[in-house]
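One letter stands for each residue in the lines below.
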Amino acid sequence: MDTIIFDVDDTLYDQAASFKNTCKKMIDVPFTDEELNNFYIISRKYSDALFDDQVAGKLTVQEMHIRRIKDACTEIGIEMTEQQAIDFQEAYVAEQRKIALFDEVMELMDILIANNKHVAVLTNGAEGHQSMKIKQLRLDRWISKENMFISSAIGHAKPSKEAFEFLEHKLVLDKNRTVYIGDSFANDIVGAKQVGWHAVWMNHRKRDMPEGTIKPDKVVYSARELLDLFSDELLCNDAIVN
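Residues numbered from 1 in each chain as written. Predicted model: local features only at pLDDT ≥ 70, side-chain atom pairs only at ≥ 80, totals over all residues. Heavy atoms only, no water.

Engineer: I keep staring at the nonpolar core and nothing clicks. Help me out?
Structural biologist: Across soluble globular proteins, nonpolar side chains have a tendency to be buried as a group. With 33 residues, the main nonpolar core has Phe6, Leu12, Val121, Leu139 and Phe230 as its most contacted residues. Elements represented by at least two residues in this core include exactly strand S1 (3–6), helix H5 (103–114), strand S2 (118–123), helix H6 (127–137), strand S3 (148–150), strand S4 (178–182), strand S5 (198–202) and helix H10 (223–236). Among the elements that make up this core, the one with the highest residue count is H10 (five residues). When neighbours within four sequence positions are excluded, Phe230 is seen to be in contact with Ile4, Leu108, Leu112, Val179, Ile181 and Ile240. (Core = buried A, V, L, I, M, F, W, Y, C linked by side-chain atoms within 4.5 Å. Buried < 20%, exposed > 50% of the residue type's maximum accessible area, 1.4 Å probe, protein only. Helix = DSSP H or I, 4+ residues; strand = E, 2+ residues; numbered from the N terminus. Contact = heavy atoms within 4.5 Å.)

Dropping the structure here:
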């Protein structure tokens, strides 16, 4: 592969850690680790669905933030007021200002740049919020500002074809030599495959493979496996598509 494009949230760093820390501070429930893991996955389900509604103009950003945690709480039998949901979001943003890349991702970035690979990011979300995370992760150590794409800034959100085609035109990509890496099957894998890119599913949450004709080229279950995959790719050539 010549061009490697990454999702950001829960692909380059552990998004669940911020969520779990916020839950411990803001929700007066003695969660077990397993319960927190399950709660995080439930919250992502609502977050993804409500993000689509927000992009479509059906919800404001604040309404989306309130609904996603309230709806997730309702599913597991916890009552949350609108004000509590607003307070939760504020605490969650504060936790996200502490995020850090997986160690293996930093090593991977170094290897890709050393091997003259073209690297970029494509992430869904509000420009200011996603830019804050990109800055906190210090992605500019490897990726130029021109190669960082945020859905609200480009006017298209994953999994729409337009989001991926926007990058094709901006970066003059050869789709046969381009791979997208992300944790969301619906947004990242479906989005990339429908425009003919290769796709690697960062399935470190060990979600079930959805039924259907769209499949990732590779599935990895940790940042270590992701690093190993690209190390093999560089050594063996096209390990991703073999």
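That covers the picture; the talk isn't over yet.
Engineer: What is the right way to look at the packing of aromatic side chains in this model?
Structural biologist: Taken as a whole and assessed by the stated rule, the structure comprises eleven aromatic pairs. Ring geometry for Phe19 and Tyr40: centres 5.7 Å apart, planes at 65°, overall edge-to-face. Highlighted residues: Phe19 in helix H1 (residues 15–26) and Tyr40 in helix H2 (residues 33–55), separated in sequence by 21 residues. Overall, Tyr40 belongs to the buried group, its relative accessible area being 2%. (Phe/Tyr/Trp six-rings, centres within 6.5 Å; stacked < 30°, edge-to-face > 60°.)

Engineer: Even after reading the chapter, I still don't get the environment of Trp201, so can you show me in this structure?
Structural biologist: In this structure, Trp201 sits in strand S5. Distance in space between the C-alpha atoms of Trp201 and Phe185 is 6.9 Å, their sequence separation being 16 residues. Polar contacts involving the side chain of Trp201 include one to the main-chain carbonyl oxygen of Asp183, which spans 2.8 Å. (Polar contact = N/O pair within 3.5 Å; in protein donor to acceptor, adjacent residues only side chain to side chain.)

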